[in-house]
Structure formats: C-alpha cells, structure tokens
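Listed here are the chains, written in short residue letters.
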Amino acid sequence: KLSVNLVSPIATILAQLLEAKIVIVLASEGKDAKFSIRNKLPLPVNELVRELAQKLGGEGGGHLEACGARIPLTRKDEFVARLRERLSAMIKNSS
C-alpha cells in the first residue's frame, strides 16, 4: 500500500522519468483518495482537477505543472473516468 505522503514525490519522479505528458498517482487513506498529478502540457489541468474534485465532494487545485486532489474513496473511479474524458477532450481541442 502506497503511503499518501509519497504520492507527490513519486508523481514528480515518474514525470521526470517517463515520456508521458500527464502522470497521475493515487493512494488511499481512510475514506479518502489522494491524487497527485504532473502535467507537461500547456493546458489548465489544475483547474480541471479542482472542478472535478469539488463536484465529487472533495477538494483540489495546485499549479499548472503540479496539482492534486483529495476526494471520497468511493468516488475515485468516477474521478478517474471523468478526468480521462475531459483531458482527452482538452488535448483534442488544443491540437
């Protein structure tokens, strides 16, 4: 089990090592899911993360390159699905 304290540093390391444009790392603690996201695209992923987290009963935000969210664990799959859908649309519309 990944400690929530390691989510952010692991996301940063993976973003540096991988060619991925967006890296998402997740850990759970109690009834919460903690997401840490690294973004290499010129897109406002931080604003999207904040919006989705709030809609799902959590909180989120951060910077363009590094952001995160904490949401109810029961809604993590929904968060991931919505995030993927919206990110795909953002990337498609920016091309």
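See the structure above.
Each chain has its residues counted from 1, running along the sequence as written. Where totals are concerned, whole chains, interfaces and linings use all residues; where local detail is concerned, this predicted model gives features only for residues with pLDDT of at least 70, and gives and counts side-chain atom pairs only at 80 or more. To obtain the side-chain values, all non-hydrogen atoms of the structure were included, while hydrogens and water were left out.

1. Section: the nonpolar core
Let me state the cut-off plainly: Here, the term nonpolar core denotes a set of buried Ala, Val, Leu, Ile, Met, Phe, Trp, Tyr and Cys residues that are joined through side-chain atoms within 4.5 Å. A simple rule labels every residue: compare its accessible area, found with a 1.4 Å probe on the protein chains alone, to the largest value its type can have, and call it buried under 20%, exposed over 50%, or partly exposed in between. Only runs of H or I of at least four residues qualify as helices and only runs of E of at least two qualify as strands under DSSP, and these elements are numbered from the N terminus. What makes two residues a contact is simply this: any of their non-hydrogen atoms within 4.5 Å.
Residues Ile37, Val45, Val49, Phe79, Leu83 and Leu87 are the most contacted members of the largest nonpolar core, which totals 19 residues. Only strand 2 (32–39), helix 2 (45–55), strand 4 (66–72) and helix 3 (76–94) provide two or more residues apiece to this core. Those residues in contact with Val49 that sit more than four places away from it in its chain are Ile37, Gly61, Cys67, Gly68, Ala69, Phe79 and Leu83. In this structure, Ala11, Ala15, Val23 and Val25 belong to the second largest nonpolar core, which totals 7 residues.

2. Thoughts on the environment of Leu48
Along the polypeptide, Leu48 turns up in helix 2. Residue classification places Leu48 among the buried residues on the basis of a relative accessible area of 4%. For the pair Leu48 and Lys1, spaced 47 residues apart in sequence, the C-alpha to C-alpha distance is 27 Å. Once you skip the residues sitting within four places of it in the chain, Leu48 turns out to touch Leu83, Arg86, Leu87 and Met90.

3. Focus: the pattern of salt bridges
Definition in use: Take a side-chain nitrogen of Lys or Arg and a carboxyl oxygen of Asp or Glu: if they are within 4 Å of each other, that pair is a salt bridge.
The tally for this structure, following the rule as stated, stands at 7 salt bridges. We note a salt bridge from Asp32 to Arg70, for which the minimum N-O separation is 3.9 Å. On the criterion of sequence distance, the pair formed by Asp32 in strand 2 and Arg70 in strand 4 is long-range, its members being 38 residues apart. Since its relative accessible area comes to 28%, Asp32 is described here as partly exposed. Glu51 is the salt-bridge partner of Lys55, the closest N and O atoms lying 3.0 Å from each other. In this pair, Lys55 and Glu51 both sit in helix 2, 4 residues apart, roughly one turn of the helix. Among the charged side chains, a salt-bridge network with shared partners connects Glu29, Asp32 and Arg70.

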